[in-house]
Amino acid sequence: MSLKGQIDTTRLPQHIAIIMDGNGRWARRQGLRRIFGHRQGVEAVHRITETCTALGIRYLTLYAFSTENWNRPKEEVDALMTLLIDTVEKETPTLMKNNVRLATIGDTDRLPSAARSKFTNCIRQTEGNTGLTLILALSYSSRWELTEAVRKAVQQGVAPEAINEEYISGLLTTASYPDPDLLIRTSGELRISNFLLWQLAYAELYFTDTLWPDFGEEDLYAALIDYQKRERRFGKTSEQLSNTSNI
Ligand code: FPP
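Fair warning: this is a prediction, and the values are worked out from it, not measured in the lab.

Engineer: What is the right way to look at the overall build of the chain in this model?
Structural biologist: A count of helical and extended segments in the chain gives eight helices and six strands. Starting at the N terminus and ending at the C terminus, the chain contains elements arranged as β-α-α-β-α-β-α-β-α-α-β-β-α-α. Taken over C-alpha atoms, the radius of gyration comes to 19 Å for the chain, in line with the 18 Å a tight globule of 247 residues would show. Structurally, the chain occupies a C-alpha span of about 60 × 60 × 35 Å along its principal axes. For the chain, buried positions account for 46% of its 247 residues. Accessible area for the chain stands at about 13,100 Å²; split by element, carbon and sulfur atoms hold 49% of it. Computing the positive centroid from 29 side-chain charges and the negative centroid from 31, the chain places the two 4 Å apart.

Pasting the structure below:
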């Protein structure tokens, strides 16, 4: 049976998060400059967004640029910003056609003004779309987000006894989205890299050696099949989940 045929469409994750890694290695392996890997990475973003749309996934969060990525050589940062600007402009009609709503999380005030305005336009244009919500993490890191959350809590003068998990979740940039069910990281690295540390508390983690520019439909199906083999217990026992426990 094809990989797609093995997926139980009634038990898909509601929210998939992806650490898109390996663009630089992909380029170097072909004797190309790193930016060519990022350009090829955009093609993978396009493919996976379309596949998620076709499957009916509700939320897809992509780690496109981390807070730490500002420390890369200026030439690479500038090239990535130009790529983001060009991509958001070029892809907006496709997002509209596929009923995809674009959103961003992260310290987007740090982005160049041209990038900020392109993203603002695309977010406005797609805000009424009701299909997939595509969330791009831009100038994002979890420690930045949690630090901001603490700052907001202090500014709000919250009483200590009013602080609970719901209150903290509400202060995060992801407040209006459910937590990811599945995290995928490409390129063989086994790290979370400061990504959605709070939100991934109960996510299933899936690591693949495939480099992001090579990641395609079949790779996503393989991740979903693996996800569907897991038992998500959320701290409970298997018996509690199947409701047969006599303890
Ligand atoms: C990690 O690969 C990838 C990035 C830091 C950037 C990801 C950006 C894109 C895929 C393009 C723009 C995205 C959108 C949403 C339009 P790496 O450079 O760290 O690779 P390496 O570990 O092999 O060096």
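Engineer: Teacher, can you tell me more about the site of the ligand here?
Structural biologist: Around the ligand lies a shell of 17 residues, among which Asp-21, Gly-24, Arg-25, Arg-34 and Arg-72 are the nearest. Within the side chain of Arg-72, an N or O atom sits 2.7 Å from an oxygen atom of the ligand. Computed on the free molecule, the ligand has an accessible area of 630 Å², of which 91% lies beneath the protein chains in the complex. Listed by contribution, the elements that provide at least two residues to the shell around the ligand are helix H1 (23-29), helix H2 (34-55) and helix H3 (74-97). A total of four residues in the shell around the ligand trace back to one element, the largest contributor, which is H2. Its residues placed into classes, the shell around the ligand shows six nonpolar, seven polar and four charged.

Engineer: How should the state of the cysteines be read in this particular structure?
Structural biologist: Note on terminology: a disulfide is the covalent bond linking the sulfur atoms of two cysteines. A full pass over the atoms with the stated rule returns zero disulfides. Here Cys-52 stays free of any disulfide, with the sulfur of Cys-122 as its closest cysteine sulfur at 17 Å. What makes Cys-52 buried here is its relative accessible area of 0%.

Engineer: I keep staring at the sheet that holds strand S2 (residues 59-66) and nothing clicks. Help me out?
Structural biologist: Across a sheet, paired strands are connected by hydrogen bonds in the backbone, their directions being either parallel or antiparallel. Overall, parallel pairing links the six strands, which are arranged S3-S4-S2-S1-S5-S6 in an open sheet. The open sheet has two edge strands, strand S3 (101-105) and strand S6 (204-207), and neither has a second partner. Between one strand and the next, the sheet's axes are offset by a mean angle of 20°, whatever the strand orientation. In this structure, S2 lies alongside strand S4 (residues 133-140), joined through seven bridges in parallel fashion.

Engineer: Help me out: how do you make sense of unusual backbone geometry in this one?
Structural biologist: Across the chain, the bulk of peptide bonds are trans and the bulk of non-glycine residues have phi less than zero. Located in the positive-phi region is Ser-187, a residue other than glycine, with phi close to 80°. Mapping Ser-187 onto the fold places it in the loop between strand S5 (182-185) and S6. Even without a glycine there, the phi angle at Leu-196 is positive, about 45°. Within the fold, Leu-196 resides in the loop between S5 and S6.

Engineer: What is the right way to look at the pattern of salt bridges in this model?
Structural biologist: Opposite charge on two side chains permits them to pair, given that their charged atoms come into close proximity. As enumerated under the stated definition, the model contains 14 salt bridges in all. Between Arg-185 and Asp-21 there is a salt bridge; the shortest N-O distance is 2.9 Å. Placement of Arg-185 in strand S5 and of Asp-21 in the loop between strand S1 (15-19) and H1 is noted, with a sequence separation of 164 residues between them. Its relative accessible area of 17% is what places Asp-21 among the buried residues. The salt bridge involving Arg-72 is made with Glu-76; its shortest N-O contact spans 2.8 Å. Each of Asp-21, Arg-25, Arg-185, Glu-189 and Arg-191 takes part in a single network of salt bridges with overlapping partners.

Cut-off values and rules
- Residues numbered from 1 in each chain as written.
- Predicted model: local features only at pLDDT ≥ 70, side-chain atom pairs only at ≥ 80, totals over all residues.
- Heavy atoms only, no water.
- Helix = DSSP H or I, 4+ residues; strand = E, 2+ residues; numbered from the N terminus.
- Rg over C-alpha atoms; globule rule 2.2 N^0.38 Å.
- Buried < 20%, exposed > 50% of the residue type's maximum accessible area, 1.4 Å probe, protein only.
- Areas by Shrake-Rupley, 256 points an atom, 1.4 Å probe, with all protein chains shown as cover.
- Lys, Arg positive; Asp, Glu negative; His and termini not counted.
- Charge placed at Lys NZ, Arg CZ, Asp CG, Glu CD.
- Near = heavy atom within 4 Å.
- Polar contact = N/O pair within 3.5 Å; in protein donor to acceptor, adjacent residues only side chain to side chain.
- Nonpolar A, V, L, I, M, F, W, Y, C, P; charged D, E, K, R; others polar.
- Disulfide = S-S within 2.5 Å.
- Pairing = 2+ DSSP bridges.
- Axes fitted to C-alpha atoms, helices over the stretch in contact; angles between N-to-C directions.
- Salt bridge = Lys/Arg side-chain N within 4 Å of Asp/Glu carboxyl O.

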